[in-house]
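What follows is the residue order along each chain.
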Amino acid sequence: LTAPFICLDGMNEKGVSIAVLTLDSEPVNQDTGKQKIFTTLAIRLVLDRAATTQEAVDLLDNYDMFATSGRDYHFFVTDAAGDARVIEYDPEQEGCYAYLVQPNQKNGIYGHGKERYDAIMDVLAMRDSDGNIPADTAWRALQASAQDPNPEDVTSNTQWSLVYDDTALTAQIALRRNWDDVIHYDLNTNTIGG
């Protein structure tokens, strides 16, 4: 019965999609007096109630976040209008610290993965002049940033990759870096195909 509340990503009928990713920072445990929610419940909240990325941000701002499983997380939220944002509970509560993260190394509370970010940005630099990112470009970015399993680092393993089309309400899914075996899902018809 709890399965609907332990999702790690998804898309709703309004074209809002959300994904969660693991971070190296200490698990957030906000205590501002608001009701606490945990990571997967936050995803369920966004999928059930948000019609836009801004609504997702506003919803999450109404709660204190408790990161579960001894890990810290951040969320990537997009909507049918193209509004895409990364939502983080910053370890220093001031903003992004991209200049403190160096590629190919751990960077304390600021994490690792700058080389993956750089690989994605190199691919996205080739996008259309109107700013759209076609599915084949999104797949190239995911492949460029994929990580092979590392038994010494739980955050270094691309278990699945998804490309959502928030306007057509479809998704393409590849498991464990099997890029030639893509599963197609259509939310409109609730059908899965290969």
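Heads up: these notes are all about the structure in this document.

Thresholds, definitions, all that
- Each chain has its residues counted from 1, following the order in which its sequence is written.
- Confidence filtering applies because this is a predicted model: local features only for residues at pLDDT of at least 70, side-chain atom pairs given and counted only at 80 or more, and all residues used for totals across whole chains, interfaces and linings.
- To obtain the side-chain values, all non-hydrogen atoms of the structure were used and water was disregarded.
- Secondary structure counts use DSSP, requiring at least four H or I residues in a row for a helix and at least two E residues in a row for a strand, with both numbered from the N terminus.
- In this scheme, a residue with accessible area under 20% of its type's maximum is buried, one over 50% is exposed, and one in between is partly exposed, where area comes from a 1.4 Å probe on protein chains only.
- Whether two residues touch is decided by their heavy atoms; if any such pair falls within 4.5 Å, the residues are in contact.
- Here, Shrake-Rupley sampling with a 1.4 Å probe gives the accessible areas, and only protein chains in the shown set may cover a residue.
- Every axis corresponds to a line fitted to the C-alpha atoms, with the helix fit spanning only the stretch in contact, and the corresponding angles, defined between N-to-C directions, vary from 0 to 180 degrees.
- The cut-offs work like this: below 35 degrees is roughly parallel, past 145 is roughly antiparallel, 65 to 115 is roughly perpendicular, and the gaps in between are oblique.
- Throughout, a crossing is termed right-handed when the near helix is turned clockwise from the far one, and left-handed when it is turned anticlockwise from it by less than a right angle.
- The classification used treats Ala, Val, Leu, Ile, Met, Phe, Trp, Tyr, Cys and Pro as nonpolar, Asp, Glu, Lys and Arg as charged, and all other residues, Gly among them, as polar.
- Pairing between strands requires that DSSP locate at least two bridges from one strand to the other.
- Here, a salt bridge means any Lys or Arg side-chain nitrogen found within 4 Å of an Asp or Glu carboxyl oxygen.

With that settled, the discussion passes to the overall build of the chain. Along its length, the chain carries four helices and 10 strands. Beginning at the N terminus, the succession of helices and strands in the chain can be written as β-β-β-α-α-β-β-β-α-α-β-β-β-β. Within the chain, buried positions represent 36% of all 194 residues. Intrachain contacts of the chain at a sequence separation of at least 6 include 56% that bridge at least 24 residues. Accessible area for the chain stands at about 11400 Å²; split by element, carbon and sulfur atoms hold 52% of it.

Before going further, it helps to examine the environment of L23. The residue L23 is located in strand β2 (residues 17-23) in this model. Under the relative-accessibility criterion, L23 is labelled buried at 19%. As a C-alpha pair, L23 and E88 span 65 residues in sequence and 9.7 Å in three-dimensional space.

Further remarks concern the packing of helix α1 (residues 39-49) against helix α2 (residues 53-61). Relative orientation of the contacting elements α1 and α2 amounts to 135°, with a least axis distance of 10 Å. The angle between α1 and α2 falls in the class oblique. In the crossing of α1 with α2, the sense of the turn from one axis to the other is right-handed. In this structure, α1 uses A42, L45, V46 and R49 to contact α2, whose residues at the interface are E55, A56, L59 and L60. Residues belonging to the contact of α1 with α2 are distributed by class as follows: six nonpolar, no polar and two charged.

Let us look at the sheet that holds strand β9 (residues 182-186). Spatially, β7-β8-β9-β10 is the arrangement adopted by the four strands of the open sheet, whose pairing is antiparallel. Sheet topology places β7 (160-165) and β10 (191-193) at the edges, where each strand pairs with a single neighbour. Across the sheet, the axes of successive neighbouring strands diverge by a mean angle of 20°, strand direction being ignored. Packing against the sheet, helix α4 (residues 135-145) makes contact with β7, β8 (170-175) and β9, and its axis sits at approximately 155° to β7.

Okay, the pattern of salt bridges next. Taken as a whole and judged by the stated rule, the model has five salt bridges. We note a salt bridge from R140 to D136, for which the minimum N-O separation is 3.6 Å. Of this pair, R140 and D136 both sit in helix α4, four residues apart, which is roughly one turn of the helix. In this structure, the salt-bridge partner of R177 is D148, at a minimum N-O distance of 3.4 Å. Taken together, the residues span a long stretch of sequence, with R177 in the loop between β8 and β9 and D148 in the loop between α4 and β7 at a distance of 29 residues. Taking the relative accessible area as the measure of exposure, D148 reaches 58% and is therefore exposed.

In terms of burial, α1 is a largely internal element, eight of the 11 residues being buried. Along α1, the positions that sit buried rather than exposed are T39, T40, A42, I43, R44, L45, V46 and L47. Buried-residue contacts for α1 involve β1 (9-11), β2, β3 (36-38), α2, β4 (64-66) and β5 (72-78).

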